[in-house]
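Residue-level structural notes
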Amino acid sequence: KIDEEKTGDPEFPIEHTTYVEFDINGNRITTKLNTYNSSFYIGKEIEVLFEQKEDEYFKGHASNYIVVKTKKENLENKIKEITITGKEELCLISK
């Protein structure tokens, strides 16, 4: 990693980090990584498309592709507005 640039928007808390590297021939390689501040979503309602059951959770994605899991009723292939209550590794949780 040679250079790192971070930007963010408080209304849509996705942080963009750009890593600039060079290959063995000196060619510039740029990688843009999107991360998010998961604490921003706790206590907020978001709309989620639940796609599959994984263990005891139904797992889906918000409109900005953030992964969300819940133990609520059968939500497979349904869109539902839920309140985020916490976070676990790389996903948000609704209980």
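Structure shown above.
All residue numbers refer to position in the chain's written sequence, counted from 1. Only residues with pLDDT of at least 70 are given local features in this predicted model, and only at 80 or more are side-chain atom pairs given and counted; all residues enter the totals for whole chains, interfaces and linings. As a rule here, side-chain values come from all non-hydrogen atoms in the structure, and water together with hydrogens is ignored.

**Topic: the overall build of the protein**
What counts is decided by this rule: Every helix listed is a DSSP run of H or I at least four residues long, and every strand listed is a run of E at least two residues long, numbered separately from the N terminus. The buried label applies to any residue whose accessible area, calculated with a 1.4 Å probe on protein chains only, is under 20% of its type's maximum; exposed applies above 50%, and partly exposed to all values in between. The contact definition used throughout considers only heavy atoms, calling two residues in contact when any of these lie within 4.5 Å.
Along the backbone of the protein there are 0 helices and 9 strands. Shown N-terminal to C-terminal, the secondary structure of the protein runs as helices and strands in the order β-β-β-β-β-β-β-β-β. The 95 residues of the protein split such that 29% are buried. The contacts of the protein with a sequence gap of at least 6 include a subset with a gap of at least 24, amounting to 34%.

**Comments concerning the nonpolar core**
The test is simple: Only buried residues count toward a nonpolar core. Its members are Ala, Val, Leu, Ile, Met, Phe, Trp, Tyr and Cys residues joined through side-chain atoms within 4.5 Å.
The biggest cluster of nonpolar side chains holds 12 residues, and these are Tyr41, Ile46, Val48, Phe50, Phe58, Ala62, Ile66, Val68, Leu75, Ile82, Ile84 and Leu92. Elements supplying a minimum of two residues to this core: strand E4 (45–54) and strand E5 (57–62). In terms of residues, this core owes the most to one element, E4, which gives 3 residues. The residues contacting alanine 62, other than those within four sequence positions of it, are Ile46, Glu47 and Val48.

**Here's the deal with the pairing of strand E9 (residues 91–94)**
Side chains on a regular strand alternate between the two faces of the sheet. What counts is decided by this rule: The pairing criterion for strands is at least two bridges between them, as found by DSSP.
Across the two faces of E9 the burial is the same, with Cys91 and Ile93 and Leu92 and Ser94 all buried. Relative to E9, strand E6 (residues 67–70) is paired through 3 bridges, and the arrangement is parallel. The partner of valine 68 across the bridge, within E9, is leucine 92. Taken together, the 3 bridges between strand E8 (residues 86–88) and E9 define a ladder with antiparallel strand orientation. Bridge pairing in E9 links glutamate 88 to cysteine 91. Connecting E8 to the antiparallel partner E9 that follows it, the hairpin turn spans 2 residues, and glutamate 89 within it adopts a positive phi of roughly 50°.

**Here's the deal with the packing of aromatic side chains**
In plain terms, the rule: Only Phe, Tyr and Trp rings are paired, with Trp represented by its six-membered ring, and only when their centres lie within 6.5 Å; those with planes under 30 degrees apart are stacked, over 60 edge-to-face, the remainder tilted. Here, a charge over a ring means that NZ of Lys or CZ of Arg falls within 6 Å of the ring centre while also lying within 35 degrees of the ring normal.
Applying the stated criterion to the full structure yields 1 aromatic pair. Taken together, a centroid distance of 5.2 Å and an interplanar angle of 90° make the contact between phenylalanine 40 and tyrosine 41 edge-to-face. By relative accessible area, phenylalanine 40 is classed as partly exposed at 28%. Its guanidinium or amino end placed over the ring of phenylalanine 40, lysine 44 lies 4.7 Å from that ring's centre, counting from NZ or CZ.

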